[in-house]
Amino acid sequence: MKRTTLTSGLILASGALGLSVPASADFIQDGKASLELRNFYFNRDFRQSGAPQAKAEEWAQGFLLRYESGFTEGTVGVGLDAIGLLGVKLDSSPDRAGSGLLKRDREAPKRAQDEYGELGLTAKLRASRSTLRLGTLMPKLPVLLANDSRLLPQTFEGGQLNSLELDGLTFDAGRLTQVNQRDSSDYEDMGITTVGAKNIRARSTGSDAFDFANLSYKWSDSLTTGYGFGRLDDFYRQHQLNLNHLLPLGEGRSLKSDLRFAHSSDEGGSNVDNKAFGAMFTYAFGGHALGLGYQRMSGDTGFAYVNGSDAYLVNFVQISDFANREERSWQARYDFNFASVGIPGLTFMTRYLSGDGVELGAGREDGKEWERDTDIAYVIQGGPLKNLGLKWRNATVRTSHFGSDLDENRLILSYTLPLW
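Quick summary incoming for the structure in this document. What you are looking at is a predicted structure, and each value in this text was computed from that prediction instead of being measured.

**So, the overall build of the chain**
- Assigned secondary structure in the chain consists of two helices and 20 strands.
- Each principal axis of the C-alpha atoms in the chain carries an extent, and together these give about 70 × 60 × 50 Å.
- Total accessible area computed for the chain in this model is approximately 19800 Å², and 56% of it derives from carbon and sulfur atoms.
- Of the side chains in the chain, 46 bear a positive and 52 a negative charge, and the two mean positions are spaced by 2 Å.

Below, the structure is given as structure tokens:
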């Protein structure tokens, strides 16, 4: 397992900190720990002719141990968080590997390793209503969303400041220097997503600096607006604006509006040039929710985001992001919460997305794609298996003139055990 100088330093610092924590009851008493067990079966069947492999199919068990300390007393409180991740292979083979669940050998035939893992430490300092974190981070911001859609989450190394000094205003800023992908135990430089038909020019080397800042202001219980800035050194700069509004309509009905805009431009040797607009409107009544979404890409390339992370787009879904060059896409979505009919813990979601107008270059016909997703989830509400979650995720994707055609199923069993 590769460790950077930052992580090594934090390990030493945490050891020294551990010698002094008995002097602060808050550090111990306000701490909490949990163990999450995640059993994951993944099957992706490639349907297009000439596919490099017939399917990706693997089964694995994940263990996620999390600890969050309290803070020492004083003007500046000191704390320490830790996360231990372990993935264990249950079933795989070289011709079925590549699901993103398991770490693979670097050399052919790239077999899935029997196990892989990571230990992450995060030092934290708190003054007033501001907290600085240094070490292992999993940002959840519009300009960077750490991916947690497989067995183990994607993690980053760096520093992040979160400030709540002004009522209603949330401010985040920081710098990330390395990334550990969801199927890896090694930290590496960050790159840019180049899959699909985005026509973003790839570079032979990665970046060791992602700078970000994000402002979110809650004007009222129903209205929140935000601005975000992200810069991946030598790749791109990005400005984002977003608005969320919830309109109560009485008698358990509401209309939610989610508007997003992003402008990405080149930085260094890339050719990034993209404007992305998205809007999602959701009408909820009783246990039902009906949503309609629209997304539009314009510019010389598709949308830019850090490789392996999630994109803050209304049509970023289970498989596709619908963020190719000049692509237009629509989404229709339906959700139902069975608690409204006396079955708490059971939820259902289905959606259909269609995209067209993908610019593939001179002399080529525009690309098209569609995706259909269905999620059924149940969390046991009581008894000895309380909080055991079961989820089935199904997806179908078909494309014209680019991309892959595939059918996919994911079965996930999860259980979180509070330790203290």
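**Re unusual backbone geometry**
- Backbone geometry at Lys-110 places phi at a positive 55°, although glycine is not the residue there.
- Summarising the element assignment, Lys-110 is placed in the loop between strand S3 (76-91) and strand S4 (115-127).
- Overall, the relative accessible area of 37% leaves Lys-110 in the partly exposed class.
- Located in the positive-phi region is Asn-387, a residue other than glycine, with phi close to 75°.
- Positionally, Asn-387 belongs in the loop between strand S18 (367-379) and strand S19 (389-400).

**Points about the pairing of strand S16 (residues 328-337)**
- Two strands pair when backbone bridges link them, and strand S15 (residues 288-298) and S16 are joined in this way by nine bridges, in the antiparallel orientation. In the strand pairing of S16, Ala-289 is matched with Asp-335.
- Note: S16 against strand S17 (residues 346-358), ten bridges, orientation antiparallel. In the sheet register, Arg-328 faces S17, and the bridge partner there is Asp-356.

**Here's the deal with the pattern of salt bridges**
- Applying the stated criterion to the full structure yields 27 salt bridges.
- The closest approach of N and O atoms between Arg-47 and Asp-45, which form a salt bridge, is 2.9 Å.
- A salt bridge links Arg-260 to Asp-258; the shortest N-O distance between them is 2.7 Å. The pair Arg-260 / Asp-258 is uniform in exposure class, with both members buried.
- A single network of salt bridges, built from pairs that share partners, joins Arg-175, Asp-211, Arg-231, Asp-233, Arg-237 and Glu-267.

Conventions and cut-offs
Residues numbered from 1 in each chain as written. Predicted model: local features only at pLDDT ≥ 70, side-chain atom pairs only at ≥ 80, totals over all residues. Heavy atoms only, no water. Helix = DSSP H or I, 4+ residues; strand = E, 2+ residues; numbered from the N terminus. Areas by Shrake-Rupley, 256 points an atom, 1.4 Å probe, with all protein chains shown as cover. Lys, Arg positive; Asp, Glu negative; His and termini not counted. Charge placed at Lys NZ, Arg CZ, Asp CG, Glu CD. Buried < 20%, exposed > 50% of the residue type's maximum accessible area, 1.4 Å probe, protein only. Pairing = 2+ DSSP bridges. Salt bridge = Lys/Arg side-chain N within 4 Å of Asp/Glu carboxyl O.

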